[in-house]
Amino acid sequence: MFFLLRIAFWLCVLAVFLPIGGGGGGGDGPNDKERASIDALSALAAAGATVSDVSGFCERQPDACAVGSQALKLVGERARSGAEMLTDYLGDSVSAPKTTATSTAGARDTLTATDRKPAWRGPVPGRSA
């Protein structure tokens, strides 16, 4: 699932940087002369106007704003629970005591020779070899 989200993210980033259209003539977007007239200050002014317009959205559409806030709350709760699960997982693996090879070798070699012998199993009835 996370792989698909990463792919979607990188495709969106790629789509932002890809040029759209053939360069100058037949599209609905700005032509080369109009693109040259857009500078950083006019883009900043347009961004400010967009932010002020979005801030008044809840006054114009209160129902859509209420549904959107509940959806954001749900996404936030899911993100929080996912972060807690990740923290628990990483906390368990990070806080596990680190042992050296000498201490684990002694702890692993605790079986005696009789313990290592496999249990005897007789022939299975009704089955020929």
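This structure is a prediction, so every number in the text was calculated from the model and none was measured.

Peer 1: Mind showing me how you'd approach the overall build of the protein here?
Peer 2: A count of helices and strands for the protein gives 7 helices and 0 strands. Counting helices and strands in the order they occur from the N terminus, the protein gives α-α-α-α-α-α-α. Element-wise, carbon and sulfur atoms account for 65% of the exposed surface of the protein, whose accessible area totals about 12,100 Å².

Peer 1: Even after reading the chapter, I still don't get the state of the cysteines, so can you show me in this structure?
Peer 2: Where two cysteines share a covalent bond between their sulfur atoms, that bond is called a disulfide. Per the stated rule, a full pass over the model turns up 1 disulfide. Across the disulfide, Cys58 is cross-linked to Cys65 (sulfur-sulfur distance 1.8 Å). For the disulfide bridge between Cys58 and Cys65, the dihedral angle about the S-S bond is near 50 degrees, and by the sign convention the bridge is right-handed. The class for Cys58 is partly exposed, based on a relative accessible area of 37%. The exposure class assigned to Cys65 is partly exposed, which follows from its relative accessible area of 23%.

Peer 1: Can you walk me through the environment of Thr50 in this structure?
Peer 2: Here Thr50 shows up in helix H3 (residues 40-55). Engagement of the side chain of Thr50 in a polar contact is seen with the backbone oxygen of Ala46, the distance being 2.9 Å.

Peer 1: Sorry if this is basic, but what is going on with the packing of aromatic side chains here?
Peer 2: Between two aromatic rings, the relevant description is the distance of the centres plus the angle of the planes. Inspection of the entire model under this criterion finds 1 aromatic pair. An angle of 75 degrees between the planes, with centres 5.0 Å apart, marks the rings of Phe9 and Trp10 as edge-to-face.

Peer 1: Got a minute to help me understand a nonpolar patch on the surface in this structure?
Peer 2: Together, Phe3, Leu4, Ile7, Leu11, Leu14 and Leu18 make up a nonpolar patch on the protein surface, roughly 600 Å² of accessible area in all. Looking at the element boundaries, Leu11 is found in helix H1 (residues 2-17).

Cut-offs and rules
Residues numbered from 1 in each chain as written. Predicted model: local features only at pLDDT ≥ 70, side-chain atom pairs only at ≥ 80, totals over all residues. Heavy atoms only, no water. Helix = DSSP H or I, 4+ residues; strand = E, 2+ residues; numbered from the N terminus. Areas by Shrake-Rupley, 256 points an atom, 1.4 Å probe, with all protein chains shown as cover. Disulfide = S-S within 2.5 Å. Buried < 20%, exposed > 50% of the residue type's maximum accessible area, 1.4 Å probe, protein only. Polar contact = N/O pair within 3.5 Å; in protein donor to acceptor, adjacent residues only side chain to side chain. Phe/Tyr/Trp six-rings, centres within 6.5 Å; stacked < 30°, edge-to-face > 60°. Patch = residues over 30% accessible without salt bridge, like charges linked within 9 Å, V, L, I, M, F, W, Y side chains within 5 Å. Salt bridge = Lys/Arg side-chain N within 4 Å of Asp/Glu carboxyl O.

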